[in-house]
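# Descriptive structure summary
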Number of protein chains: 2
Amino acid sequence: MRNLLFKIAFQGAAFHGWQQQENAITVQGELKAAFKRLTGENVNIIGCSRTDAGVHANEYFFNVRTEATIPVESFPVALMSAKLPGEISVYSCKEVDFDFNARFDCEKKEYEYVIENTKTPSPFYYKRAMNYKYDVDVELMNKAAKHFIGTFDFSAFCAADAQVKSKVRTIYDASVFRDGDLIKFRVQGNGFLYNMVRIMVGTLLYVNNGKIKCDDIPSIIESKDRTKAGITAIPDGLYLNKVFYGGESIEA
Amino acid sequence: MRNLLFKIAFQGAAFHGWQQQENAITVQGELKAAFKRLTGENVNIIGCSRTDAGVHANEYFFNVRTEATIPVESFPVALMSAKLPGEISVYSCKEVDFDFNARFDCEKKEYEYVIENTKTPSPFYYKRAMNYKYDVDVELMNKAAKHFIGTFDFSAFCAADAQVKSKVRTIYDASVFRDGDLIKFRVQGNGFLYNMVRIMVGTLLYVNNGKIKCDDIPSIIESKDRTKAGITAIPDGLYLNKVFYGGESIEA
């Protein structure tokens, strides 16, 4: 039995999130069904992250322990051919140590949040970005984002109903930059709480529109009070962008 | 009563083409319904082109004669707010001469066909490009495309069942170029026959894979025989890119 690590990408608008559910189309559910069709096995698909409904992935890893003898170089195309929806692409596959776990061995993740900064939203960014019609001070938002860097209890940036033991996370880097009509927020951390990136974006937009000040962010973090931070930005703009194992972004 | 010209864009994957049909979601049908909700009128939506199911528009114009008194600068947002699907964006609106007709007054159109040239298709180009896994000789395809420029009877590049009086069209420009992983075919003409751009793409790919020679294209045109040209490329990659009135691409 081999333990195989797959690199995929998916368009989140087509799915009710990563995690398998009854009566809903999910990325994990579609992958499991494709494996069943291809190999006859009922495999356990271990994903690197539980992304929400509507959230996208430019890069996502999962591992699966399988008796299938399909060569790793043929597996991506074989899996896609097993009626996997076109909104999921399988980029590569490689064999890893039998105890490798795509979720627990993940050391760092990078998310990107895309804001389409136009008065006239493009139909081609529908469900792929948040539309924001007002002026954006990119420099100010970038300055505000730098306050997220460090190791903090991010309770103020976590959905109120989330149940985790510790809400301490380390953010390695955070920045806001313009890319044509798009404003992008990119953030790397050792882990992210439920809705954390989306609340960060809501808070940065509060800084932009003057509802809070740039230098209010440290005291908002310190308060551990969800009500002090900004709103939760819509899922449409959120992309899991890179996943790091052993310190490096790997080619599966 | 004013005659208003609207500039829109739409993502074709969401629609069964432009033209209104019973029991199918179409761009024209959705616009007509949004007008009815907004103004109470049953307007006649005159589009610049009858795009097929799955075909996109980066730029598309329609005109409508209306009693509505909504100012032109407010009309785009008002129309989008009238439950127009997010896959249609209304960019602008302006008043034009009462006898202006978006279809008959159109002098030139530009189409773009997008080929995603990768072995591993991105889920973000699903239904927005044709995937082509093999090597592409862009220079050769561009050279072949130049043979389309001129005034010819394009019967060989028209769906066999199309019923039009004349199949003579003038192509002003045609080129193939690379844009990262994408290969784009851009073509401007005074009009296009049914499936014409898609058959041109199929023929250029025949040149690329050696099935026909670059310099066979003039004799294929001359043959007026549909069976001599390449296959009809899928609609997913086709975009109406620019529409010209009075010689110029206009800002509605």
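Higher on the page you've got the structure.
This report concerns the structure included in the present document. Starting from 1, residues in each chain are numbered consecutively following that chain's sequence as written. Just so you know, chain letters begin at A and ligand numbers begin at 1, following the order they were written in. In keeping with the model being predicted, local features are shown solely for residues with a pLDDT of at least 70 and side-chain atom pairs are shown and tallied solely at 80 or more, while totals for entire chains, interfaces and linings include all residues. Remark: hydrogens and water are excluded; side-chain values derive from all non-hydrogen atoms of the structure.

## Considering the overall build of chain A
Note the following rule: Only DSSP runs of H or I with at least four residues qualify as helices, and only runs of E with at least two residues qualify as strands; both kinds are numbered from the N terminus onward. We compute the radius of gyration from the C-alpha atoms alone; for a globule the expected value is 2.2 Å times N to the 0.38, where N is the number of residues. Think of it in three bands: with a 1.4 Å probe and only protein chains considered, a residue is buried below 20% of the maximum accessible area for its type, exposed above 50%, and partly exposed in between. In what follows, residue pairs with any heavy atoms lying within 4.5 Å of each other are defined as contacts. All accessibility values rest on the Shrake-Rupley procedure with a 1.4 Å probe; residue burial counts only the protein chains present in the view. Charge convention: Lys and Arg are scored as positive, Asp and Glu as negative, and His as well as the terminal groups of each chain are ignored. Taken as the charge location is NZ of Lys, CZ of Arg, CG of Asp or CD of Glu.
When you go through chain A residue by residue, the secondary structure sums to five helices and 11 strands. Taking 18 Å as the expected radius of gyration for a compact globule of 252 residues, we find that chain A reaches 19 Å, a close match to that expectation. When its C-alpha atoms are laid out on the principal axes, chain A stretches across 60 × 40 × 35 Å. Counting all 252 residues of chain A, 58% fall into the buried class. Partitioning the contacts of chain A with sequence separation of at least 6, the portion at a separation of at least 24 is 72%. Carbon and sulfur atoms provide 47% of the accessible area of chain A, an area that totals close to 11400 Å². Distance from the positive charge centre (31 side chains) to the negative charge centre (31 side chains) of chain A: 4 Å.

## Digging into the relation of the copies chain A and chain B
As a reminder, the rule being used: Least-squares superposition of the copies uses the C-alpha atoms of those residues scoring a pLDDT of at least 70 in each of them.
Each copy of the sequence occupies a distinct position, and chain A is placed on chain B by a rotation of 180 degrees and an axial shift of 0.0 Å, giving an RMSD of 0.0 Å. Here the transformation between the copies is reduced to the relation of a two-fold axis. Every residue of chain A has its C-alpha some distance from the rotation axis, and the shortest such distance is that of Phe124(A), at 5.1 Å. By residue overlap, the copies meet face to face through one surface: 100% of the interface positions of chain A are interface positions in chain B.

## Here's the deal with helix 3 (residues 138–146) of chain A
All names here are of chain A. The condition that has to hold: The arc in question is traced by the directions running from the helix axis to the C-beta atoms.
Turning to helix 3, its buried residues are Val138, Met141, Ala144 and Ala145. In a view along the axis of helix 3, the buried residues occupy a sector of 125 degrees, so they form one face of it. Residues of helix 3 that are exposed and point over 90 degrees away from its buried face: Glu139 and Lys143. Next to the buried residues of helix 3 lie strand 8 (168–179), strand 9 (182–189), helix 4 (196–208) and helix 5 (217–223).

## A short note on a negative patch on the surface
How we decide: Patch criteria: residues need more than 30% relative accessible area and no salt bridge. Like-charged residues are merged within 9 Å; nonpolar side chains of Val, Leu, Ile, Met, Phe, Trp and Tyr are merged within 5 Å. For this analysis, a salt bridge means a side-chain nitrogen from Lys or Arg found within 4 Å of a carboxyl oxygen belonging to Asp or Glu.
The grouping of Glu95(A), Asp97(A), Asp99(A), Asp105(A) and Glu107(A) at the surface amounts to a negative patch. Of note, Asp99(A) is situated in the loop between strand 4 (88–96) and strand 5 (106–116).

## Quick notes on the pairing of strand 8 of chain A
All names here are of chain A. We count it as follows: Note on pairing: two strands pair once DSSP finds at least 2 bridges between them.
Note that strand 7 (residues 150–153) and strand 8 share four bridges and pair antiparallel. Looking at the pairing, Asp153 lines up with Val168 of strand 8. With eight bridges joining them, strand 8 and strand 9 adopt antiparallel strand pairing. Bridge pairing links Val176 to Phe185 in strand 9. Where strand 8 folds back on strand 9, the antiparallel hairpin that results is connected by two residues, among which Gly180 adopts a positive phi of roughly 70 degrees.

## A word on the packing of aromatic side chains
Within a pair of aromatic rings, the relevant descriptors are the distance that separates the centres and the angle that separates the planes. To keep it simple, the criterion reads: Aromatic contacts are taken between Phe, Tyr and Trp rings whose centres are within 6.5 Å, Trp giving its six-membered ring; a plane angle under 30 degrees counts as stacked, one over 60 as edge-to-face, and the others as tilted. For a ring to carry a charge above it, either NZ of a lysine or CZ of an arginine must fall within 6 Å of the ring centroid while also lying within 35 degrees of the normal to the ring plane.
By the definition in use, this model includes 32 aromatic pairs over all chains. Between Phe6(A) and Phe62(A) the ring centres are 4.9 Å apart and the planes differ by 10 degrees, which places this aromatic pair in the stacked class. Separated by 56 residues along the polypeptide, Phe6(A) in strand 1 (residues 2–10) and Phe62(A) in strand 3 (residues 56–66) bring together distant segments of the chain. For the residue pair Phe6(A) and Phe62(A), the accessibility class agrees, reading buried in each case. Judged by centre distance (5.5 Å) and plane angle (80 degrees), the rings of Tyr132(B) and Tyr134(B) are edge-to-face. Overall, Tyr134(B) belongs to the exposed group, its relative accessible area being 58%. By way of ring pairs, the aromatic residues Phe148(A), Phe152(A), Phe154(A), Phe157(A) and Phe185(A) are connected into one cluster. The lysine or arginine in question, Arg65(A), covers the ring of Phe98(A), its NZ or CZ lying 5.1 Å from the ring centre.

## Some remarks on helix 1 (residues 27–39) of chain B
Residue and element names in this part refer to chain B. We apply this condition: In this scheme, a helix's expected span is set at 1.5 Å multiplied by one less than its residue total. Residues adjacent in sequence count toward polar contacts only when both atoms are side-chain atoms; beyond that, a polar contact is any pair of N or O atoms within 3.5 Å, and within protein one must be able to donate a hydrogen and the other to accept it.
Counted at 1.5 Å a residue, the expected span for helix 1 with its 13 residues is 18 Å, and the 18 Å between its end C-alpha atoms agrees. Taken together, the buried positions of helix 1 are Val27, Gln28, Gly29, Glu30, Leu31, Ala34 and Phe35. For helix 1, the elements touching its buried residues are strand 1 (2–10), strand 3 (56–66), helix 2 (75–81) and strand 4 (88–96). Measuring from the backbone nitrogen of Gly29 back to the side-chain oxygen at the start of helix 1 gives 3.0 Å, which picks out Thr26 as the cap. Phi for Gly40, located one or two positions after helix 1, is positive at around 80 degrees.

## So, the interface of chain A and chain B
Using the following cut-off: When two parts are put together, the accessible area they lose, computed with a 1.4 Å probe and summed over both, is reported as buried area. All residues other than Ala, Val, Leu, Ile, Met, Phe, Trp, Tyr, Cys, Pro, Asp, Glu, Lys and Arg, Gly among them, are scored as polar; the first ten of these are nonpolar and the last four charged.
Listed by partner, the interface residues are 20 residues for chain A and 20 residues for chain B. Summed over both partners, the interface of chain A with chain B comes to about 1700 Å²; 61% of that surface belongs to carbon and sulfur atoms. Summed over the shared surface of chain A and chain B, the result is four residue pairs in polar contact (both at pLDDT 80 or more). With four residues, the single largest contributor to the side of chain A that touches chain B is strand 4 of chain A. Here the residues of the side of chain A that touches chain B sort into 11 nonpolar, seven polar and two charged.

## A short note on the pattern of salt bridges
If you walk through the whole model with that rule in mind, you get 13 salt bridges over all chains. Residue Arg186(A) is joined to Glu110(A) by a salt bridge in which the shortest nitrogen-to-oxygen separation is 3.8 Å. Of this pair, Arg186(A) sits in strand 9 while Glu110(A) sits in strand 5, placing them 76 residues apart in sequence. Taking relative accessible area as the criterion, Arg186(A) reaches 31% and is therefore assigned partly exposed. Close ionic contact of Arg198(B) with Asp52(B) constitutes a salt bridge, the shortest N to O distance being 3.4 Å. Of this pair, Arg198(B) sits in helix 4 (residues 196–208) while Asp52(B) sits in the loop between strand 2 (46–47) and strand 3, placing them 146 residues apart in sequence. Taken together, the shared-partner salt bridges connect Glu110(A), Glu112(A), Asp179(A), Lys184(A) and Arg186(A) into one network.

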